[in-house]
Amino acid sequence: MFLMLAKDIIGNQGVRALLESSAERGRVAHAQLFVAPEGVGVLPIAIAYAARVLGIDPDKALTQPDLHFAFPVNTTREVKKSPVSDDFLESWRRFVREMPYGELPDWYALLEIENKQGLIGKEEAESIAKKLSLKSFSGGYRAMIIWHAEKMNPTAANKLLKLIEEPAENTLILLTTDDPSAILPTIASRTQRIDLRRISEQDIARELTERYQASPAAAQNAARSAQGSMGRALQLLREGGHAGIFPEMFVRFVRSAFMAKKKPAELNRLLEWADRMAALSREQQKQFLQYCCEVFRQGLMYNYGASALVYPQEFADGFNFESFAGYVHGRNIADIYRELDRAQYHIERNANSKLVFFSTAVNLTRYLHAKPI
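Structural notes, computed from the coordinates. (Residues numbered from 1 in each chain as written. Predicted model: local features only at pLDDT ≥ 70, side-chain atom pairs only at ≥ 80, totals over all residues. Heavy atoms only, no water.)

### Topic: the pairing of strand β4 (residues 171-177)
We apply this condition: Throughout this description, buried means an accessible area under 20% of the type-specific maximum (1.4 Å probe, protein chains only), exposed means over 50%, and partly exposed covers the range between. For helices the rule is a DSSP run of H or I covering at least 4 residues; for strands it is a run of E covering at least 2, with both sets numbered from the N terminus onward. The pairing criterion is simple: DSSP has to find at least two bridges between the two strands. Seen with its strands pointing away from the viewer, a crossover is right-handed when the path leading from the first strand over the helix to the second is clockwise.
The element β4 is largely enclosed, with a buried count of 7 among its 7 residues. What you see with β4 is no split at all: T171, I173, L175 and T177 on one side and L172, L174 and T176 on the other are buried throughout. Bridge count for strand β1 (residues 31-35) against β4 is 5 bridges, and the pairing is parallel. Opposite A31, over in β4, you have I173 as the bridge partner. As judged from the 5 bridges shared by strand β3 (residues 142-146) and β4, these two strands associate in the parallel manner. For A143, the partnering residue across the bridge sits in β4 and is L172. In this fold, β3 hands off to helix α6 (residues 154-165), which returns the chain to β4; that crossover is right-handed.

### A short note on the packing of helix α13 (residues 282-303) against helix α16 (residues 353-368)
For clarity, the cut-off: Here an axis means a line fitted to C-alpha atoms, over the contact stretch when the element is a helix, while the angle between two N-to-C directions is reported on a 0 to 180 degree scale. Roughly parallel means an angle under 35 degrees; roughly antiparallel means over 145; roughly perpendicular covers 65 to 115; every other angle is labelled oblique. It only takes one pair of heavy atoms within 4.5 Å for two residues to be counted as in contact.
In contact at an axis separation of 12 Å, α13 and α16 are set at 10° when each is read in the N-to-C sense. On the basis of their axis angle, the class for α13 and α16 is roughly parallel. Residues R282, Q285, F288, L289 and F296 of α13 lie in contact with α16, whose contacting residues are S353, F357, L364 and L368.

### Focus: the packing of aromatic side chains
In plain terms, the rule: Pairing of aromatic rings covers Phe, Tyr and Trp, the last counted by its six-membered ring, and requires centre-to-centre distances within 6.5 Å; plane angles under 30 degrees mean stacked, over 60 mean edge-to-face, and any other angle means tilted.
In this structure the tally under the stated criterion is 28 aromatic pairs. Geometrically, the ring pair formed by F250 and F296 is edge-to-face, given 5.6 Å between the ring centres and 70° between the ring planes. You can see F250 sitting in helix α11 (residues 246-259) and its partner F296 sitting in helix α13, a full 46 residues away along the chain. Given the relative accessible area of 0%, F250 is considered buried. In this structure F296 comes out as buried when scored by relative accessible area, which is 0%.

Next up, the structure:
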């Protein structure tokens, strides 16, 4: 089953109504920055808005000559040099139609480049400039949607800045990102910012039961874990819980890190664990770190009596969540989050992942033994 662009997307009704109103009244800023958490459907929302401005059918927007796309790419078995978005248009159309809540890991998996980082580079910037210099096919607007604009390298970002500073008539440039801090400040300051919100737990659970025929219990568990991301909720529903091996890897990570203070031999187990983590793709590694943050957050809530906000899940090897939660408290949670964020930062920048995960585990050893306030 797949959704058709924006008409079936849930959430952010207020923002979508404002976009519709601005298009209807002809009050359209030539450059706009859509800031959205992962998995809320920002791409189909941007496509529907661009289609409204262009006066075309949203369901046929992917093949319209006045609507162009740029998105992160990398070399593949078929495209071995200087990849640009036009090389992947067939895959792109499939991605948009079949995964309207999809994000970078889904896109990279479709292209089979999970171990690489996508980029919007110099050649793409030149392609964008060329497309926006062409005369509109219909005689009205032409539009460019740049998905995950934070993936532009400096050369591409500076070239786009010139296009934004000196816009051609009837040109619409829509940038989307989940990391506005990574957007060139001079670009951000020259765009109209549109903020999308996370989808409510209730809306996600309802969608999972009504459209995807999930049981009420499964829908509720996925909705709670998804933290406002419909894309993540669908992934959890497909897998029956968190991604495959994550619970097992988390238990090995935390258990060995905790025991290493008194049993140095556990460091060898952590090295073995880091080896297994290094074998995963970069995107899987980042997802695991996000999963760890969520489990620690739930441990903190349980420790402070907010057990109603903790959703049930199964762990491996008799792991006692209640006992674990007692070691997560106000004195160490900030350090734990900081360590996991630092690991994700280095993974995103292609650091040696084995060293990153081993270092993270060693540092966690100290934090887990911190005394509560």
